[in-house]
Amino acid sequence: MSASQTSQRTHRCGALRKEHVGARVRLGGWVHRRRDLGGIVFLDLRDRDGIVQVALGPAWAPPDVLARAGSLGAETVVVVEGEVVLRPANMKNAELATGDVEVHATRLEVVGAATTPAIPVARAKNEELPAEELRLKQRHLDLRRPELQAYLMLRHRLLQRARRTLSELEFLEIETPILTKPTPEGARDYLVPSRVHAGEFYALPQSPQIYKQLLMVAGFDRYFQIARCFRDEDLRNDRQPEFSQIDLEASFVGSDDVLAYVEAVLVALWDEAGHAVTRPFPRLRWRDAMERFGTDKPDLRYDLVIADWTAAVAPLAVPFFQTAGQNGARVRGIPVRGGSALSRKDVDQLAEAAKQLGGSGLAWVKRQGDQLSGSVAKHFTAETLGRLGVGDGDVALMTIGPDRVTSPVLDRLRQEVIRRVAPAPATAHAFCWVMDFPLFEPDAETGKPVFAHHPFTAPHPDDVAKLESDPFACRALHYDAVYNGNELGSGSIRITDASVQRTVFRHLGLTDQEIGERFGFLLQGLAAGAPPHGGFAIGFDRVVMLAAGAGSLRDVIAFPKTTAARALFEGAPAAARAEDLATLHLKVVP
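On a predicted model such as this, the values are computed, not experimentally measured, just so you know.

**Let's talk about the layout of surface pockets**
Phase 1 of the analysis: As a volume, the second largest pocket reaches approximately 680 Å³.
Phase 2 of the analysis: In terms of lining, the second largest pocket is formed by 29 residues, of which the most central are His-32, Arg-33, Ile-51, Leu-96 and Pro-146.
Phase 3 of the analysis: Of the residues forming the lining of the second largest pocket, the biggest block, 5 residues, is contributed by helix H4 (residues 146–168).

Here it is as structure tokens:
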């Protein structure tokens, strides 16, 4: 007896093949399509395994069964029974895994009547999907689409592969609390009022960070969890207020150990999705990534590198570059191979994008043989461009300003050039590590130090002495995993010295009383004897989206929220009844 067999069916629809010819089967599924042709009714019957054609004709189906089949509406749930037969050669369907066979049904029972679906599940080729808001409101129908079912089945397989890989690496799966204590981790907490402790609140965890460190203090050595996390922040297409991450922590490790564990998991996940990737992944220092690509999540599939051209253009006396060298301003640019394919309209749009990001504009020169054109072409020669790596048929795109301005501008230009010129990628799967991040960064308004990631990241051992005197010069033992320009997750070696942890908290503006109230339980744990430890969190939803080639994060989550943090299907969030608020000691103030 196969695992899919039940008291009401012998096979799943999508499982039938040539070897089943002659077998009598019972199937249950949804009517994907119905076609009436010359007295024979054809049903495309669908379940999670796929679609099979069911034929009902007067030669084998009783009249009442044939009549019932002819009245079926889309998405009606039926159970059919019949014989598997080989399709005629000219009637085979190469687009279906079951396309060599069909079922000649002699019995048909409607077990789930269906109203006319609000959105179509079956679509013609190249037919546009309904608007996403409508699909989210009708999520139970949208989830019947074979594409979404395939994504969620892949998600299941990836979850199991991650568990298996980490278990083989001797990690223990341990659950940590969902109702926890508010802690600062870069976003607002979702608060949960306590009914039994008036005026007190739990927080939903932004991550299991402190608990997994305490598990290391407790001696569990290696921990992992498929953790649900919650962050009350403004949303984007690649963010959800609740999400899943593959969370891990290990003791007596350095950065190399943690990176090796994470690489093993990522290689296994991509293998499960049918993609062969190799390890170890290349490593980039944060400063080098920002210098060469303008971002800490570079897409390394393309050989487009930002260069510092300040010294090279200085003798040319280009008016646009006259502030070079002042207040940290540099001339940086990208030599775009084959860039002559960019039209003037393309370049104008790139220049506008540069200004929208706060840049001073875009200078450009297009080279075709010895003929130069562009906004600053009169100041250049073919020989000068050659020294910048700009050859025949190429374009030089340049801007000026301090790095904090030009890096995001050039990152955006690089992405737009890739999209418009479409150079051939050197590889389909470009993983890398970005390391040696700054420990602190200046607050945009006050200029005071704020933690670049989270306040439990250990400073680089060579920079610990600078914590008090020059915090902005401190590097962090932090690392990000990046894939094709997407951050997959972050991790670090943790602070295990309670006094160093207190110093970091003070830099964040916390008083000793606040430190004790908010983090006393962590400091108590560290003071009890903490092994050196570090860990990582892989954004699992994003991994599924990228490994599956899905178009949106919402496509790989069964019941996602919108960018307004609303669950349209069930209508959440919703107003609470006055008596429920009173029980929780709460009152809504307009």
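We are not done yet, so read on.
**Here we look at the nonpolar core**
Phase 1 of the analysis: Counting residues in each nonpolar core, the largest one holds 57 residues, and the members touching the most others are Ile-246, Leu-266, Trp-270, Trp-433, Leu-488 and Phe-536.
Phase 2 of the analysis: By residue number, the principal contributor to this core is helix H6 (residues 255–272), which donates 9 residues.
Phase 3 of the analysis: What Leu-266 contacts, discounting residues up to four positions off in sequence, is Phe-281, Phe-431, Ala-481, Leu-488, Ile-538 and Val-543.
Phase 4 of the analysis: Within the second largest apolar cluster, 23 residues are counted, among which are Leu-27, Val-31, Val-41 and Val-52.

**Thoughts on the packing of aromatic side chains**
Geometry of an aromatic ring pair is reported as the spacing of the ring centres plus the angle between the planes.
Phase 1 of the analysis: This model, assessed by the stated rule, comprises 14 aromatic pairs.
Phase 2 of the analysis: Plain terms: the ring middles of Phe-456 and Phe-505 are 6.3 Å apart, the flat faces sit at 85° to each other, and that makes the pair edge-to-face. Of this pair, Phe-456 sits in the loop between strand E19 (449–451) and helix H12 (466–469) while Phe-505 is found in helix H13 (residues 498–507), placing the two residues 49 residues apart along the sequence. This pair shows no difference in class: Phe-456 is buried, exactly as Phe-505 is.
Phase 3 of the analysis: Here Phe-505 and Phe-519 contribute two aromatic rings whose centre-to-centre distance is 4.3 Å and whose plane-to-plane angle is 15°, an arrangement assigned as stacked. Of this pair, Phe-505 sits in helix H13 while Phe-519 sits in helix H14 (residues 512–527), placing them 14 residues apart in sequence. Of the two residues, Phe-505 and Phe-519, neither departs from the other in class, the shared state being buried.
Phase 4 of the analysis: Here the aromatic cluster, defined as three or more aromatic residues joined through ring pairs, consists of Trp-270, Phe-281, Phe-431, Trp-433, Tyr-479, Tyr-483 and Phe-536.

**Describing the side chain of Glu-416**
Phase 1 of the analysis: Here Glu-416 is to be found in helix H11 (residues 403–421).
Phase 2 of the analysis: Overall, the relative accessible area of 13% leaves Glu-416 in the buried class.
Phase 3 of the analysis: At a separation of 2.7 Å, a polar atom in the side chain of Glu-416 contacts the side chain of Arg-419.

**So, a nonpolar patch on the surface**
Phase 1 of the analysis: On the surface, Leu-191, Phe-201 and Leu-586 cluster together into a nonpolar patch covering about 250 Å² of accessible area.
Phase 2 of the analysis: Along the chain, Leu-586 falls in the segment after helix H16 (578–583).

**Some points on the environment of Gly-219**
Phase 1 of the analysis: Following the sequence through the fold, Gly-219 ends up in the loop between helix H5 (209–217) and strand E9 (222–230).
Phase 2 of the analysis: Spatially, the C-alpha atoms of Gly-219 and Ala-250 are 9.9 Å apart, while their sequence positions differ by 31 residues.

**Digging into the sheet that holds strand E10 (residues 242–251)**
Phase 1 of the analysis: Taken in spatial order, the 8 strands line up as E6-E9-E10-E22-E21-E20-E17-E11 in an open sheet, and their pairing is mixed. For this open sheet the edge positions go to strand E6 (172–173) and strand E11 (283–285), each flanked by a neighbour on one side alone.
Phase 2 of the analysis: Its contacts with the sheet put H5 on E9, E10 and strand E22 (533–539), and the angle it makes with E10 is roughly 20°.
Phase 3 of the analysis: This element, helix H7 (residues 286–293), spans E11 and strand E17 (431–435) of the sheet and lies at about 85° to E11.

**Points about H4**
Phase 1 of the analysis: Between its terminal C-alpha atoms H4 stretches 33 Å, which fits the 33 Å expected from 23 residues at 1.5 Å a residue.
Phase 2 of the analysis: Along H4, the residues that are buried comprise Leu-148, Tyr-151, Leu-154, Arg-155, Leu-158, Leu-159, Arg-161, Ala-162, Thr-165 and Leu-166.
Phase 3 of the analysis: Buried positions along H4 lie against helix H3 (139–142), E9, E10, H6 and helix H15 (540–548).
Phase 4 of the analysis: Note on H4: the residue one or two positions beyond its end, Glu-170, has a positive phi of about 70°.

**Points about the packing of H13 against H14**
Phase 1 of the analysis: Between H13 and H14, whose axes approach to 11 Å, the crossing angle comes to 155°. Classified by the interaxial angle, the pair formed by H13 and H14 is roughly antiparallel. Here the hand of the crossing between H13 and H14 comes out right-handed. Where H13 abuts H14, its residues Ala-498, Gln-501, Arg-502, Phe-505 and Arg-506 lie against Asp-512, Ile-515, Phe-519, Leu-522, Leu-523 and Leu-526.
Phase 2 of the analysis: Taken together, the residues that form the contact of H13 with H14 break down as 7 nonpolar, 1 polar and 3 charged.

**What to know about empty space enclosed by the protein**
Phase 1 of the analysis: Counted according to the given criterion, the structure contains 2 cavities of 30 Å³ or more.
Phase 2 of the analysis: Estimates place the volume of the second largest cavity at around 50 Å³.
Phase 3 of the analysis: Lining the second largest cavity, in full, are Leu-136, Arg-139, Phe-559, Pro-560, Ala-567, Leu-568, Phe-569 and Glu-570.
Phase 4 of the analysis: Within the lining of the second largest cavity, the residues separate by chemical class into 6 nonpolar, no polar and 2 charged.

**Observations regarding the sheet that holds strand E4 (residues 77–86)**
Phase 1 of the analysis: Taken together, 5 strands build a closed barrel; the order of strands is E1-E2-E3-E5-E4 and the barrel is mixed. With strand direction ignored, the average angle separating the axes of adjacent strands in the sheet is 55°.
Phase 2 of the analysis: Packing against the sheet, helix H1 (residues 63–70) makes contact with strand E1 (24–37), strand E2 (40–47), strand E3 (50–56) and strand E5 (101–112), and its axis sits at approximately 75° to E5.

**A look at the pairing of E17**
Phase 1 of the analysis: Within E17, 5 of the 5 residues are buried, leaving the element largely enclosed by the surrounding structure.
Phase 2 of the analysis: Of the two faces of E17, the one holding Phe-431, Trp-433 and Met-435 and the one holding Cys-432 and Val-434 are both buried throughout.
Phase 3 of the analysis: Where E17 and strand E20 (residues 478–483) come together, 5 bridges link them in antiparallel fashion. Bridging from a neighbouring strand, Trp-433 pairs with Ala-481 of E20.

Here is what the cut-offs are and how they apply
Residues numbered from 1 in each chain as written. Predicted model: local features only at pLDDT ≥ 70, side-chain atom pairs only at ≥ 80, totals over all residues. Heavy atoms only, no water. 1 Å grid on protein atoms, 1.4 Å probe; cavity = no way out; pocket = protein on both sides within 12 Å on 5 of 7 lines; lining within 4 Å. Points joined across faces, edges and corners; volume = space filled by probe spheres on them. Helix = DSSP H or I, 4+ residues; strand = E, 2+ residues; numbered from the N terminus. Core = buried A, V, L, I, M, F, W, Y, C linked by side-chain atoms within 4.5 Å. Buried < 20%, exposed > 50% of the residue type's maximum accessible area, 1.4 Å probe, protein only. Contact = heavy atoms within 4.5 Å. Phe/Tyr/Trp six-rings, centres within 6.5 Å; stacked < 30°, edge-to-face > 60°. Polar contact = N/O pair within 3.5 Å; in protein donor to acceptor, adjacent residues only side chain to side chain. Patch = residues over 30% accessible without salt bridge, like charges linked within 9 Å, V, L, I, M, F, W, Y side chains within 5 Å. Areas by Shrake-Rupley, 256 points an atom, 1.4 Å probe, with all protein chains shown as cover. Salt bridge = Lys/Arg side-chain N within 4 Å of Asp/Glu carboxyl O. Pairing = 2+ DSSP bridges. Axes fitted to C-alpha atoms, helices over the stretch in contact; angles between N-to-C directions. Expected span 1.5 Å × (residues − 1). Parallel < 35°, antiparallel > 145°, perpendicular 65-115°, else oblique. Left-handed = near helix turned anticlockwise from the far one by under 90°. Nonpolar A, V, L, I, M, F, W, Y, C, P; charged D, E, K, R; others polar.

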